[in-house]
Protein chains: 2
Amino acid sequence: MDDLQIAKAARLLPPTEVAGAMGLDPALLEPYGNDVAKVRLDAIEALADRPKAKYVIVSAITPTPLGEGKTTTTVGLGMAMARTGRKAVIALRQPSMGPTFGIKGGAAGGGYSQVVPMEKLNLHLTGDFHAVTAAHNMLSAVLDNHLYQGNETEIEPHSITWRRVLDVNDRALRNIVTGLGTRVDGVPRETGFDITTASEVMAILALATSLTDLRERLGRIVVGYTGEGKPVTSEDIRGAGAMAAIMRDALAPNLMQTLENTPALVHAGPFGNIAHGNSSIVADLVGIRSGEYLITEAGFGADMGAERFFNIKCRASGLVPDAAVIVATVRALKAHSDKFKVVAGKPLPEAMLAENPDDVTAGGANLRKQIENMRLHGVSPVVAINAFPTDHPSEHAAIAAIAEEMGARWAVCTHFADGGAGATDLAEAVAEAAEEPSQFAFLYPDSASLKEKIETVATKVYGADGVDYTPAATKQLDSYEANGFGSLPVCIAKTHLSISSDPALKGAPTGWRLPVREVRASVGAGFVYPICGDMRTMPGLGATPAAHSIDLDEHGEVVGLF
Amino acid sequence: MDDLQIAKAARLLPPTEVAGAMGLDPALLEPYGNDVAKVRLDAIEALADRPKAKYVIVSAITPTPLGEGKTTTTVGLGMAMARTGRKAVIALRQPSMGPTFGIKGGAAGGGYSQVVPMEKLNLHLTGDFHAVTAAHNMLSAVLDNHLYQGNETEIEPHSITWRRVLDVNDRALRNIVTGLGTRVDGVPRETGFDITTASEVMAILALATSLTDLRERLGRIVVGYTGEGKPVTSEDIRGAGAMAAIMRDALAPNLMQTLENTPALVHAGPFGNIAHGNSSIVADLVGIRSGEYLITEAGFGADMGAERFFNIKCRASGLVPDAAVIVATVRALKAHSDKFKVVAGKPLPEAMLAENPDDVTAGGANLRKQIENMRLHGVSPVVAINAFPTDHPSEHAAIAAIAEEMGARWAVCTHFADGGAGATDLAEAVAEAAEEPSQFAFLYPDSASLKEKIETVATKVYGADGVDYTPAATKQLDSYEANGFGSLPVCIAKTHLSISSDPALKGAPTGWRLPVREVRASVGAGFVYPICGDMRTMPGLGATPAAHSIDLDEHGEVVGLF
């Protein structure tokens, strides 16, 4: 059976029953269809007296372009907690429709570790992404109208950083000229579209702690600068209130369930490079009081998603993590040996499938460094060895040996094939790790300068010797400090395919320096993002995109989603 | 109290109870929040054995730019039917978010004749418009990718008619150049964005009779032509299946309610000039078997919305109308006297508010012609005199006299101020009119040529002496006939502010010819649209748009919507 068939065969519980398992009163739900509900924000206050769950972040070693199964592991671990007598809630990002119709397919997990109904998850869900698109583009329209109606704030048009967004892979929109036609058709200028997940509004949705906080963050968005370099905000051009009205309902997190009926909060999906790549804080504020374990996932490898989870998300939420799962696979560690090349959309090289624990060991430096990265933040690491049918026991043992050497707990898991039953060892290991007293600490204080923050992440987490800034980047950082953005955390936009900034460097590279080409700020979301390398914020479709084969069958059911 | 305050004070019934009044099993609903539900398409088959309701179209005389209250009359009439012991369902278009944040404000009716909850209606509702935006832009991305990947169909890029859409008033997007940047960023070309309501996908949503029909119509969309003039469809470039998957849930109509709990099906909102301006067929297929009266509204004046209701919508649905309400107001008839100028967003001229039945009588030609237009289609007209506080009884009498002279029923209604109680006379008049045996007939057969169809509408409905075509329009019509589109009905895109094509001509102009500048085709939706005059398909924001004042209050409630 393929993923969609497995998903369709699932027996779903009504959302009220799923919520019941979380101790949530049905009156705190707003149904969206018969199998999904939004949890009203009132839930956060209603649950305030309940004990806090153990807070578990699921991250990974530096992945291959295929991904190493963080979502399936998060789902599998949640289900395994239930199977071992523990109440768990999982929290995931909502996937973007762009990649769903592009090369990647959906993102509901896979095999017997999925969140369902998967068509809803991969298509509109409850419309939150559409709200982000609408709110973002409302501000774009207000901004261009501001220019057209006389530019009262004297914003310098070439300084405008606010673009437009659509939730589709459309390379033709990356670079466009708008405002053409006649005098009544606006002010011509160069701009472009990013994918909706790259919108600062998406990052704000993920980082807001309440409706009031959402409104304030939306108002702090900087859309550009005056000729004198003074920031112009969405509040200044009177666009923030309309955005908040559009975003209001979207702030309530979405309640779904796993194939085994574990509650799954699916909410927000900010980009993993130019944004922090974590699901929403409000979902976690609900989930943290709804069971014994709240298991959430962070994007890309632990140097990226988990680092931002600690230093951006937890800083904003005030929540403290108790354990960190690092998903490791035989294929990714073999790739870190630098003997093989893995390409998205192509089968793995034959030689990579042969039994060879030495190749796994040769790639072990990456796993060691990512374990160390969790310890840097005072969080107990657990290595989840995500088993594939092509793996060999000796190769799993090679991963386990690295974990043992590092003093980290580990477990082999087969949740993709076996559901929750395949991750019970992992559940036990995570439960043990979470019992250790939390030593959680941010990597840097708010008061450090932006350059100090960048250098701290680069040297401590990435293993760089230091940071090189272009003159433009230094100038930009100086202006951010001058404008009062210096207290924000940093979100370093670099490749996710290496701990370094060079995607070709595998393992745990040393003897390199992080090159910061330019720096941008998401002041509303609340972070500064230095850009190291080429960050694409609008994907394209391939020669044979999934869009060509997704369709309805004769019963009106969606087919071709995977 | 303003509209939003009245709306918020309403006592809503749960959707299951509203559906119960329609005889709909709760299992046929999918809840979207606690106060809105989608009606599953299965309902159409489930209701097939039930008797058909009388089918009433609500239209109007040629309106002022302020609108004459078709929506409030539709809502008021529905509520009045219940108050006079009749089961009624109303069917309305969903409003666009563009004008909501622009000058116009929301479109949920007004005063004590509203559909609630009005914030939902005016913002996302259940996300259908977002689905239209996403499906439309998915095809745009597939199309530009088709060019980028080698243009297998040999589509001539300059012939491309498929643009992109967003549900926002954004003049800067009207004319743009896409595909700039480097070689990997697509193929540069001129294009633009329309507002989502102008999307052919929106017209398809409104005209599809089933999911299968939706899929087929989506596949028939013509995106451009080869160098030899052969149409290239969405099916040819493999984009139609993905669009259908995106649109699947949107095809189920949305169930809301009036302030007095009358069931209100709110679904689809195609443009009233370049498209047919009517709510969806599937909503009517549900509503027609759910009570004794199904009351639906058509956009703009009766020469436009009602003509398309008869010749496009009823042709596609097979449903037969029993009565036509023509909303008339003192202010609009005074405006048709050509003595006053009414401007959107400005107060009415003082002189217009003085008691002057002669001015009303002087504008009567428009009402006479619109009554005649209903008779042309064999449908009994009823004149609804929509009372305003500034009206005088003598002026209402002047309207009534015109109706009587034309042998049409009439009633004065005060539903804006009084709710359903203000439209009971209208309800009685409509019930009587609907009892007359239907003589409904299309204005022209499918087999007439496109030019014959245009000339029939122009001379019979608009009162033109004939039609003038530019050479380009004639060439275009010839090519449509050659391509097999000649059997489609026509949707003449002209101003809605005059029965003629000149917005300055009031009353019922004669001695003029309809100038067809160009012709386009919505082959998927199923009509050809000749363009007479400047049709703007992407509005702009004004100097003080509603977006500047819409916001959340300290309780997180939306304010500034009206």
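Thresholds, definitions, all that
Residues numbered from 1 in each chain as written. Chains lettered and ligands numbered in written order. Predicted model: local features only at pLDDT ≥ 70, side-chain atom pairs only at ≥ 80, totals over all residues. Heavy atoms only, no water. UniProt positions renumbered as here; feature names shortened; annotations may be inferred. Helix = DSSP H or I, 4+ residues; strand = E, 2+ residues; numbered from the N terminus. Rg over C-alpha atoms; globule rule 2.2 N^0.38 Å. Buried < 20%, exposed > 50% of the residue type's maximum accessible area, 1.4 Å probe, protein only. Areas by Shrake-Rupley, 256 points an atom, 1.4 Å probe, with all protein chains shown as cover. Lys, Arg positive; Asp, Glu negative; His and termini not counted. Charge placed at Lys NZ, Arg CZ, Asp CG, Glu CD. Polar contact = N/O pair within 3.5 Å; in protein donor to acceptor, adjacent residues only side chain to side chain. Contact = heavy atoms within 4.5 Å. Salt bridge = Lys/Arg side-chain N within 4 Å of Asp/Glu carboxyl O. Pairing = 2+ DSSP bridges. Right-handed = clockwise from strand over helix to strand, strands pointing away. Core = buried A, V, L, I, M, F, W, Y, C linked by side-chain atoms within 4.5 Å.

Chain A carries the name Formate--tetrahydrofolate ligase in an unreviewed UniProt entry, which gives Pseudonocardia sediminis as its organism. The UniProt entry for chain A carries the following comment under Sequence similarities (unreviewed entry): "Belongs to the formate--tetrahydrofolate ligase family." Quoted verbatim from the Pathway (unreviewed entry) heading of the UniProt record, the comment on chain A is "One-carbon metabolism; tetrahydrofolate interconversion."

Trainee: What am I meant to see in the overall build of chain A here?
Mentor: Secondary structure assignment for chain A yields 21 helices and 24 strands. The globule rule puts the C-alpha radius of gyration for 562 residues at 24 Å, and the 23 Å found for chain A is close to it. Along the longest, intermediate and shortest principal axes, the C-alpha atoms of chain A span 70 × 55 × 50 Å. Out of the 562 residues in chain A, the part that is buried amounts to 64%. Of the roughly 18500 Å² of accessible surface on chain A, a fraction of 52% belongs to carbon and sulfur atoms. Both charge centroids of chain A, one from 49 positive and one from 65 negative side chains, sit 3 Å from each other.

Trainee: Would you take a moment to explain the environment of T62 of chain B for this structure?
Mentor: Residues and elements named next belong to chain B. In this structure, T62 sits in the loop between strand 3 (54-60) and helix 4 (70-83). Sequence separation between T62 and L255 is 193 residues, and the spatial gap between their C-alpha atoms is 30 Å. Reaching out from T62, the side chain makes a polar contact with the side chain of Q370 at a distance of 3.1 Å.

Trainee: What should I look at first to understand the side chain of T233 of chain B in this one?
Mentor: Residue and element names in this part refer to chain B. Mapping T233 onto the fold places it in strand 12 (residues 231-233). For T233, a relative accessible area of 16% gives the class buried. Residues within four places of T233 in sequence aside, it is in contact with G219, R220, I221, V222 and V223.

Trainee: I'm lost on the pattern of salt bridges in this one. Help?
Mentor: The tally for this structure, following the rule as stated, stands at 64 salt bridges over all chains. Residues K339 of chain A and D359 of chain A are paired through a salt bridge, measuring 2.6 Å at the closest nitrogen-oxygen approach. With a gap of 20 residues between them, K339 of chain A in the loop between helix 13 (330-336) and helix 14 (350-353) and D359 of chain A in helix 15 (residues 357-362) connect regions that are remote in the sequence. One network of salt bridges, in which partners are shared, links K8 and E557 of chain A together with R248 and D249 of chain B.

Trainee: Is there a simple way to think about the pairing of strand 19 (residues 466-469) of chain B in this case?
Mentor: A regular strand places its side chains so that they alternate between the two faces of the sheet. Residues and elements named next belong to chain B. As judged from the 4 bridges shared by strand 19 and strand 20 (residues 513-516), these two strands associate in the parallel manner. Within the sheet, the bridge partner assigned to Y469 lies in strand 20 and is V516. Between the parallel pair strand 19 and strand 20, the chain is carried across by helix 21 (residues 471-482), and the sense of this crossover is left-handed.

Trainee: Which parts of the structure should I look at to understand the nonpolar core?
Mentor: Within soluble globular proteins, side chains that are nonpolar tend to cluster in buried spots. Counting 324 residues, the largest nonpolar core has L77, M247 and L367 of chain A together with L77, M247 and L367 of chain B as the members making the most contacts within it. Those residues in contact with M247 of chain B that sit more than four places away from it in its chain are A131, V132, A135, V201, L205, L214 and L218 of chain B.

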